[in-house]
Amino acid sequence: MSDCIFCKIVEKQIPATVIYEDDEVLAFMDIGPIVKGHALVIPKRHCDPVTETPDELLAKLHIVAKRIAEAQMNGLGADGVNIMQNNGAAAGQEVPHIHVHVIPRFSDDGHHWNWNPKTYDDFDEMNALAAQIQNHL
Ligand code: 5GP
Ligand code: ZN
């Protein structure tokens, strides 16, 4: 896609610090790291969102993400890694070309996700939502 920033990175029209490349997948450093060492894994061909991405390609993105996570632990001394993937503006996605975030975490990195768990009114509410999901699987 001509106006996609990640397609432009694939085409080398804009620079990126690449850490992994094969026929289908590119991984590079995120320019705005949540924690320093943050990397992104993308398919070379434009796909978005996750539901439109072929299973084999999605699997490959995550296999590369796993390798990068291991390298962040072994190479950077990360104590843990967050692997995440956003779909849609409501989910915080800014670049509409599928990408897997691989974020190294250190026990003293000071980052917090502000994970704020809610509660269901009762089990009926949770079960009704579960049924709505399950009916579409
Ligand atoms: P999203 O919010 O779509 O899940 O994540 C997009 C990510 O792409 C952000 O973490 C952002 O810092 C990163 N990003 C946006 N533009 C560029 C760019 O031009 N180069 C690089 N390396 N990363 C980018
Ligand atoms: Zn693209």
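Everything that follows concerns the structure shown earlier in this document.
Residues numbered from 1 in each chain as written. Chains lettered and ligands numbered in written order. Predicted model: local features only at pLDDT ≥ 70, side-chain atom pairs only at ≥ 80, totals over all residues. Heavy atoms only, no water.

K.L.:
Now, about helix α3 (residues 123–134): what can you tell me, with residues and values included?
P.N.:
The terminal C-alpha atoms of α3, which comprises 12 residues, lie 16 Å apart, in line with the 16 Å expected from a rise of 1.5 Å per residue. Between a side-chain oxygen at the N-terminus of α3 and the backbone nitrogen of Asp124 the separation is 3.2 Å; the capping residue is Asp122. (Helix = DSSP H or I, 4+ residues; strand = E, 2+ residues; numbered from the N terminus. Expected span 1.5 Å × (residues − 1). Polar contact = N/O pair within 3.5 Å; in protein donor to acceptor, adjacent residues only side chain to side chain.)

K.L.:
Give me the lowdown on the pattern of salt bridges, citing residues and values where you can.
P.N.:
According to the stated counting rule, one finds 4 salt bridges in the structure shown. One salt bridge connects Lys44 with Glu21, and the closest N-O pair in it is separated by 2.8 Å. Taken together, the residues Lys44 in the loop between β3 (39–43) and α2 (55–76) and Glu21 in strand β1 (residues 18–21) connect sequence positions 23 residues apart. Residue classification places Lys44 among the partly exposed positions, given a relative accessible area of 23%. (Salt bridge = Lys/Arg side-chain N within 4 Å of Asp/Glu carboxyl O. Buried < 20%, exposed > 50% of the residue type's maximum accessible area, 1.4 Å probe, protein only.)

K.L.:
Describe in detail a nonpolar patch on the surface, supporting the description with residues and values.
P.N.:
Taken together, the side chains of Ile34, Trp113 and Trp115 make up a nonpolar region of the molecular surface, amounting to roughly 390 Å² of accessible area. With respect to the helices and strands, Trp113 occurs in the loop between β5 (100–105) and α3. Residue classification places Trp113 among the partly exposed positions, given a relative accessible area of 34%. (Patch = residues over 30% accessible without salt bridge, like charges linked within 9 Å, V, L, I, M, F, W, Y side chains within 5 Å. Areas by Shrake-Rupley, 256 points an atom, 1.4 Å probe, with all protein chains shown as cover.)

K.L.:
Describe the site of ligand 1, listing the residues and the values that go with them.
P.N.:
Asp30, Gly92, Glu94, His99 and His101 are the nearest of the 16 residues found near ligand 1. Note that an oxygen atom of ligand 1 is positioned 2.9 Å from one of the side-chain N or O atoms of Asn86. The backbone of Gly92 places a nitrogen or oxygen atom 2.9 Å from an oxygen atom of ligand 1. Within the complex, the protein chains bury 84% of what would otherwise be the 520 Å² of accessible surface of ligand 1. Sorting the residues of the shell around ligand 1 by element identifies α1 (5–10) and β2 (25–29) as the ones contributing at least two each. With 3 residues, α1 is the largest single contributor of residues to the shell around ligand 1. (Near = heavy atom within 4 Å.)

K.L.:
Just give me the short version of the coordination of the zinc ion (ligand 2), but keep the residues and values in it.
P.N.:
Around the zinc ion (ligand 2), the protein contributes the donor atoms Cys4 (SG), Cys7 (SG), His46 (ND1) and His97 (ND1), which lie 2.0 to 2.3 Å from the metal centre. Each of the 4 donor atoms bound to the zinc ion (ligand 2) contributes to angles spanning 104 to 116 degrees, and the resulting shape is tetrahedral. Along the chain, the residues donating to the zinc ion (ligand 2) fall in the pattern C-x2-C-x38-H-x50-H. A residue pair is termed long-range when its members are at least 10 positions apart, and Cys7 in helix α1 and His97 in the loop between β4 (80–84) and β5 qualify at 90 residues. Look at Cys7 and you get buried, because its relative accessible area is 8%. On the basis of relative accessibility, which here comes to 0%, the residue His97 falls in the buried class. (Donors = N, O, S within 2.8 Å, 3.2 Å for Na, K, Ca; no water. Tetrahedral: all angles 85-135°; square planar, octahedral: opposite > 155°, others 65-115°.)

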